[in-house]
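# Analysis of the macromolecular model
Each chain, letter by letter, is given below.
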Amino acid sequence: METSASKDSSAIEDFGIDYAPAIESTSLLNIKEKYGLFIDGDFLDSSSSNSFKTLDPSTEKPLSEISEASSADIDKAVKAARNAYEKYWMTMSGAVRARYLFRIARHLQERSREFAVLETLDGGKPIKESRDVDLPLAAAHFFYHAGWADKLDYAFPQRKVEPHGVVGQIIPWNFPLLMASWKLAPALACGNTVVLKPAETTPLTALLLAEVIKDVDLPPGVINIVTGAGETGSALVEHPDVDKLAFTGSTEVGKLIQRSAVKRNLPLTLELGGKAPHVIFEDAALDQAIEGVINGIFFNQGHVCCAGSRLLVQESIADHFIDRLQKRIELLRVGNPLDKNTDIGAINSKAQLERIDQLVKAGVEEGAEVYKPSCSLPEKGYWYPPTVLTGVQQSHRVAREEIFGPVLVVQTFRTPEEALEKANNTPYGLSAGIWTEKGSLIHWMAARMRAGVIWANTFNKFDPTSPFGGYKESGFGREGGMHGLAPYLKTKRKRSQ
Ligand code: NDP
């Protein structure tokens, strides 16, 4: 059964006013018609001459033609990374490596508007998110790791630390530049060189980053960026001269990569999916909790591995909470991602839109009730309205599978024990949220929840100093903070003198 809030529940419409459009200009951008592969400090054509289009998911208009890297190109990129490792990077002091990272960070800040607009065009996320979250955090990751580059011995006292060598990194489409920065900065700070593969649907900001890499005079081959689809990623994973792998993406592909890495005893970091519980107790500050829930699931259209996608709300306040939540959702603005007023942008790809739609339909078939607000969606492009599914049982697919879209699944509980049991009843374990005024209850829940990151009375707070990573099918290894340096280093006990 589908319900939608009546139009008159929108305060804005009550007063007959609306926001004037505030469209961010794209005049700063200089998108090339075609991009090559960034190997050994230069843009090269792919050896197969194959290419694919990247498009703006909010309009379906093509933005550029992107080279598809073949196995031969991956080989070239790995050789360039190996050469750069031996010739420059491993021989440089940490302090010199730090200078390059600082330079990249400053260039990202200087060009942040250009990067933010490009991220929004290529990925569909609202400009206010790319401008206020993705870009500042991407720069912060380079700044933070620059600070570590010459202090690795202090991070691991009594240990001798060494880089692995050449690292293969594969990233997804939900935070393209941020994921690239999140992965590149610690790898480089620790003295490794990198071959990075961005996702097929969002390669443009990684390619703009390649321009920054040239501008800061990073020695050629220290970072190589190879574009392509799953086959390109697979060729990188299988390359015999890669010393370490790091992957963010689906659990399914993560498992394939793990199989391959295990065979060769390769160190691996996996940051995979999630199905985070967002637990609201009856004594929570409700206005704040509602904002937290909205941010938890609708930030970046729900394309977030740590999204608070399962709302667990105490039965005594459930009806009231859901009613207020729906009224708040009615005010969300869905539309042109370049409009600074937009809260929810476009779904990243047609394939992802179909996947979201299919899972919501499966939820309805299994008995869930659907709420969607009365907003209208643009005709062209890939769009899905913010959606709430109530009446969901633990066994339903929508309660167990990662939807990776703007869809919140609601369940209720009576006691903290039941909340805990439901929260942990998932194959994933990436993040969780707890809302209550009782500090003791926060500690009791947090100590028992099986999730790598737990937020209390807030959600989606990120900082490069804080380790991020999962339990169970959400992967292993940590990224960020001191913990995030360890996967990029070999450590040996120092002999006592
Ligand atoms: P994938 O896991 O397929 O993509 C992540 C990255 O891996 C992309 O760069 C992709 O390339 C690459 N890749 C794909 N296949 C292989 C392979 N066999 N070997 C090496 N690399 C590979 O995610 P999808 O984009 O297909 O999304 C599917 C679902 O995964 C989503 O609906 C969502 O549920 C989940 N997901 C979770 C993410 C998270 O952060 N937890 C991020 C992205 C997706 P390419 O994109 O070019 O195919």
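Residues numbered from 1 in each chain as written. Predicted model: local features only at pLDDT ≥ 70, side-chain atom pairs only at ≥ 80, totals over all residues. Heavy atoms only, no water.

This part is about the pairing of strand β9 (residues 193-197). Within a regular strand, the side chains alternate between the two sheet faces. In terms of residue burial, β9 counts as a mostly covered element, since five of its five residues are buried. Side chains of β9 alternate between two faces, with Thr193, Val195 and Lys197 and Val194 and Leu196 buried alike. Pairing analysis gives five bridges linking strand β8 (residues 166-170) to β9, with the strands arranged parallel. Following the sheet pairing, Val166 is matched in β9 by Thr193. You can see the chain leave β8, run along helix α7 (residues 176-189) and come back into β9, and the turn it takes is right-handed. Across three bridges, β9 lies against strand β10 (residues 223-225) in parallel orientation. The partner of Val195 across the bridge, within β10, is Asn224. Handedness of the β9-helix α8 (residues 204-215)-β10 crossover: right-handed. (Buried < 20%, exposed > 50% of the residue type's maximum accessible area, 1.4 Å probe, protein only. Helix = DSSP H or I, 4+ residues; strand = E, 2+ residues; numbered from the N terminus. Pairing = 2+ DSSP bridges. Right-handed = clockwise from strand over helix to strand, strands pointing away.)

With the rule as written, the count across this model stands at 28 salt bridges. We note a salt bridge from Glu401 to Arg397, for which the minimum N-O separation is 2.8 Å. One network of salt bridges, in which partners are shared, links Lys32, Arg111, Glu114, Glu211 and Asp215. (Salt bridge = Lys/Arg side-chain N within 4 Å of Asp/Glu carboxyl O.)

Our next topic: the layout of surface pockets. In this model, the largest pocket occupies a volume close to 1,000 Å³. If you go around the largest pocket, you meet 38 residues; those closest to its centre are Trp173, Phe247, Gly249, Ser250 and Val253. Of all the secondary-structure elements, those providing two or more residues to the lining of the largest pocket are α9 (230-238), β11 (244-248), α10 (251-263) and α13 (350-365). Ranked by residues supplied to the lining of the largest pocket, first place goes to α10 with six residues. Along the lines of polarity and charge, the residues of the lining of the largest pocket split into 16 nonpolar, 15 polar and seven charged. (1 Å grid on protein atoms, 1.4 Å probe; cavity = no way out; pocket = protein on both sides within 12 Å on 5 of 7 lines; lining within 4 Å. Points joined across faces, edges and corners; volume = space filled by probe spheres on them. Nonpolar A, V, L, I, M, F, W, Y, C, P; charged D, E, K, R; others polar.)

Here we take up helix α5 (residues 127-148). Between its first and last C-alpha, α5 extends 31 Å over 22 residues, near the 32 Å set by a 1.5 Å rise per residue. Asp134 marks where α5 bends most, by close to 25 degrees; the proline Pro136 follows one to four residues later. (Expected span 1.5 Å × (residues − 1). Bend = angle between axes of the 7 residues up to and from the residue.)

This next bit is on the site of the ligand. Of all residues adjacent to the ligand, which total 28 residues, the nearest are Ile171, Trp173, Ser250, Gln352 and Arg355. Contact distances for the ligand include 3.0 Å between an oxygen atom and a side-chain N or O atom of Lys197. In this structure, Gly249 approaches the ligand through a main-chain N or O atom, which is 3.4 Å from a nitrogen atom. Assessed atom by atom at 2 Å from the grid points, the ligand resides in the largest pocket. Partitioned by chemical class, the residues of the shell around the ligand number 14 nonpolar, 10 polar and four charged. Each of two domains, domain 1 (34-272 + 475-493) and domain 2 (277-463), supplies a minimum of three residues to the shell around the ligand. (Near = heavy atom within 4 Å. Polar contact = N/O pair within 3.5 Å; in protein donor to acceptor, adjacent residues only side chain to side chain. Sits in = over half its atoms within 2 Å of the grid points. Domains from an automatic or database assignment.)

Before going further, it helps to examine the domain arrangement of the protein. Examined at the domain level, the protein breaks down into domain 1 (34-272 + 475-493) and domain 2 (277-463). Its C-alpha centre places domain 1 at a distance of 30 Å from the equivalent point of domain 2. Listed as interface residues are 28 residues of domain 1 and, on the opposing side, 31 residues of domain 2. Counting the surface lost from both domain 1 and domain 2, the interface buries some 2,400 Å², and carbon and sulfur atoms represent 59% of this. It is Ser58, Glu60 and Trp173 that lose the most area in domain 1 upon contact with domain 2, and together they represent 21% of the buried surface on that side. Counting across the domain 1 and domain 2 interface gives two salt bridges. The partner of Asp343 in a salt bridge is Lys128, with the nearest N and O atoms 2.6 Å apart. At the surface where domain 1 touches domain 2, the tally comes to 10 residue pairs in polar contact (both at pLDDT 80 or more). (Contact = heavy atoms within 4.5 Å. Buried area = accessible area lost by both parts, 1.4 Å probe.)

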